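Remarks on the overall topology
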Amino acid sequence: MKNNKRLKVVFCGGGTGGHYYPALALLKYLDTNYQNLDIIYFATKGRIEEHNLAKDFPKAKMYTLDTKGLERPIYNPKNITRMFAVLKDTQKVRKIIKTFNPDFAFLTGGYVTVPVGLALTKEKIPFYLHEQNSIMGISNKFLTKYAKKVFVSFEETLINEKCILSGNPVRTPDEKLTREYLKKFGINNLNKRCILVFGGSLSSEEIDDIMYRVYLQDKSTNYIHITKNPDKFSKFENVHTFDYINDLYKIMAVCDGVVCRAGATTIAEILFYDLQAALIPWKGAAENHQFKNALSLQKLGKAEVFDDQNIDLTKLINFINSIKIKSQNYEYVPKHNQAIEIIINNIEEIKKFNNF
Ligand SMILES: CC(=O)N[C@H]1[C@@H](OP(=O)(O)OP(=O)(O)OC[C@H]2O[C@@H](n3ccc(=O)[nH]c3=O)[C@H](O)[C@@H]2O)O[C@H](CO)[C@@H](O)[C@@H]1O
């Protein structure tokens with residue numbers, strides 16, 4: 001018998017690309033595999049998912065929430081207003097999900113998930129968490145006790161029996177890609193090394209400054225560089241600047257290597273696309289988790305870690321020049337996304353839906 005039932009799912013997660021893109025990867029999977037799909041996405045006001053969702057996944061109905069992260073130290077008077085915003089948002093989300101009546105929810109971290117997780121708990125809707133980092137974020141830590149399962153990306157994050165090691169679901173091209181794709185970004189000589197430079201989803205002035213010094217010396221490599229300050233690089237013919245590229249993962253599928261921060265989703269992409277990386281971790285990350293992420297990749301022989309306060313420029317340039325150039329005929333062929341498979345196989349509501 002044909003399944004006419006609709007699969008209804010709530011998504012939430014963001015503030016930064018590192019939290020938003022794993023949700024988007026799962027959304028795209030569901031969209032490809034389930035025709036009768038209804039999605040609500042709760043987004044953080046003014047952040048990446050609010051700006052990009054309509055473009056990235058127009059079928060989702062988006063609601064924006066006002067919740068902001070708490071100020072540190074915690075006794076800051078601003079936090080009273082912020083706690084009120086959480087309560088107000090929780091009420092707002094409860095009303096919306098009462099009408100929507102979802103099968104389950106998938107939350108990928110960021111403070112916006114707190115009111116959503118609380119509302120889902122009150123309405124007795126099962127929800128699943130995804131943690132990208134080896135050290136669990138504060139919102140996920142808080143929501144773990146209410147969640148049905150917690151998908152984690154690193155073995156050391158398996159902190160209780162609810163946790164399942166899934167890895168981080170990265171966005172992947174549906175089609176084969178060749179190096180011709182790089183021409184879209186001004187790279188015409190495909191025999192030259194092509195390096196992607198970016199500072200996570202928010203860009204990084206430190207990476208801009210370091211790479212400016214690299215570009216003064218290295219004229220033999222082609223660079224695609226994501227920056228908020230393109231004028232700084234206009235004199236370099238081999239440097240192609242962009243403010244933001246939505247489908248950055250498609251460049252990763254065919255370029256030779258990357259110079260970047262060490263956010264968890266970036267790390268998962270470097271592994272998935274089998275790239276060599278010069279990693280310059282952001283020291284401000286909670287419990288220095290970017291440095292730990294970077295070291296784990298260095299141990300696998302996939303990366304060299306650099307300190308942004310004390311950069312060894314010669315070592316960085318030598319590392320970039322040691323990255324193997326893919327052949328002009330190189331082809332990225334869509335490959336199995338294991339993290340998505342593990343997540344899907346462990347969501348009971350999807351299994352029930354499939355057997356309906
Ligand atoms: C400042 C901050 O809060 N950093 C955290 C944030 O980083 P951030 O948001 O920078 O996260 P990641 O580096 O993990 O991921 C960045 C994502 O943005 C994408 N991208 C980037 C630039 C661009 O032009 N286009 C594009 O699509 C990348 O392909 C990647 O998918 O979340 C990560 C995962 O929870 C954490 O590990 C980081 O410590």
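Only a predicted model underlies this, so the values are computations on that prediction, with no experimental measurement involved.

All right, on to the side chain of Arg 82 then. Locating Arg 82 in the fold gives a position in helix α3 (residues 78–100). Those residues within four positions of Arg 82 in sequence are excluded, and the remaining contacts are Lys 68, Gly 69, Leu 70 and Glu 71.

Moving on: the domain arrangement of the protein chain. You can read the domains of the protein chain as domain 1 (7–169 + 337–354) and domain 2 (177–332). The C-alpha centroid of domain 2 is placed 29 Å from the C-alpha centroid of domain 1. Each side of the interface is counted separately: domain 1 has 18 residues, and domain 2 has 13 residues. For the pair domain 1 and domain 2, the two sides together bury roughly 1,200 Å², of which 51% comes from carbon and sulfur. When the buried area of domain 1 at its contact with domain 2 is split by residue, Tyr 21, Asn 133 and Ile 135 rank highest and sum to 37% of it. The tally of links from domain 1 across to domain 2 stands at zero salt bridges. Summed over the shared surface of domain 1 and domain 2, the result is seven residue pairs in polar contact (both at pLDDT 80 or more). For the side of domain 1 that touches domain 2, the secondary structure elements donating two or more residues are α1 (17–33) and α2 (48–56). For the side of domain 1 that touches domain 2, the residue count by class is five nonpolar, nine polar and four charged.

Residues in close proximity to the ligand total 26 residues, the closest being Asn 133, Ser 201, Thr 265, Thr 266 and Glu 269. Backbone polar atom of Ile 245 to a nitrogen atom of the ligand: 2.7 Å apart, as the coordinates give it. At 2.8 Å, a side-chain N or O of His 289 approaches an oxygen atom of the ligand. In isolation the ligand has 760 Å² of accessible area, and contact with the protein removes 92% of it. Of all the elements in the fold, those that place two or more residues in the shell around the ligand are α1, α8 (264–272) and α9 (289–299). Residues that form the shell around the ligand fall into these classes: 10 nonpolar, 14 polar and two charged. When residues are assigned to domains, the shell around the ligand turns out to be shared by domain 1 (7–169 + 337–354) and domain 2 (177–332), each giving three or more.

With that out of the way, let us pick up the side chain of Thr 67. Within the secondary structure layout, Thr 67 lies in the loop between β3 (61–65) and α3. Of the residues examined, Thr 67 reaches a relative accessible area of 3% and is grouped as buried. If near-sequence neighbours (up to four positions away) are discounted, Thr 67 is found in contact with Thr 44, Ala 85, Val 86, Asp 89, Tyr 111 and Pro 115.

When a protein is soluble and globular, its nonpolar side chains tend to lie buried together. Ranked by size, the top nonpolar core spans 36 residues in total, and within it Leu 182, Leu 196, Ile 224, Ile 251 and Leu 279 carry the most contacts. Looking at this core, the elements with two or more residues in it are β9 (194–198), β10 (222–226), α7 (248–254), β12 (257–260), α8, β13 (276–279), α9 and β14 (303–305). If we skip the residues at most four places from it in the chain, Ile 251 touches Tyr 181, Leu 182, Phe 185, Leu 196, Ile 224 and Ile 245. In this structure, Val 9, Tyr 20, Leu 53 and Phe 57 belong to the second largest nonpolar core, which totals 31 residues.

Turning our eyes to something else, we now look at the layout of surface pockets. Approximately 620 Å³ is the volume found for the second largest pocket. Around the second largest pocket, the lining comprises 25 residues; the ones closest to its centre are Ser 153, Gly 167, Asn 168, Ala 268 and Leu 271. Listing elements by their share of the lining of the second largest pocket, those giving two or more residues are α8, α9 and α11 (338–345). At five residues, α8 tops the list of elements feeding residues into the lining of the second largest pocket. Counting contributing residues, the lining of the second largest pocket receives three or more from each of domain 1 (7–169 + 337–354) and domain 2 (177–332).

Parameters at a glance
Residues numbered from 1 in each chain as written. Predicted model: local features only at pLDDT ≥ 70, side-chain atom pairs only at ≥ 80, totals over all residues. Heavy atoms only, no water. Helix = DSSP H or I, 4+ residues; strand = E, 2+ residues; numbered from the N terminus. Contact = heavy atoms within 4.5 Å. Domains from an automatic or database assignment. Buried area = accessible area lost by both parts, 1.4 Å probe. Salt bridge = Lys/Arg side-chain N within 4 Å of Asp/Glu carboxyl O. Polar contact = N/O pair within 3.5 Å; in protein donor to acceptor, adjacent residues only side chain to side chain. Nonpolar A, V, L, I, M, F, W, Y, C, P; charged D, E, K, R; others polar. Near = heavy atom within 4 Å. Areas by Shrake-Rupley, 256 points an atom, 1.4 Å probe, with all protein chains shown as cover. Buried < 20%, exposed > 50% of the residue type's maximum accessible area, 1.4 Å probe, protein only. Core = buried A, V, L, I, M, F, W, Y, C linked by side-chain atoms within 4.5 Å. 1 Å grid on protein atoms, 1.4 Å probe; cavity = no way out; pocket = protein on both sides within 12 Å on 5 of 7 lines; lining within 4 Å. Points joined across faces, edges and corners; volume = space filled by probe spheres on them.

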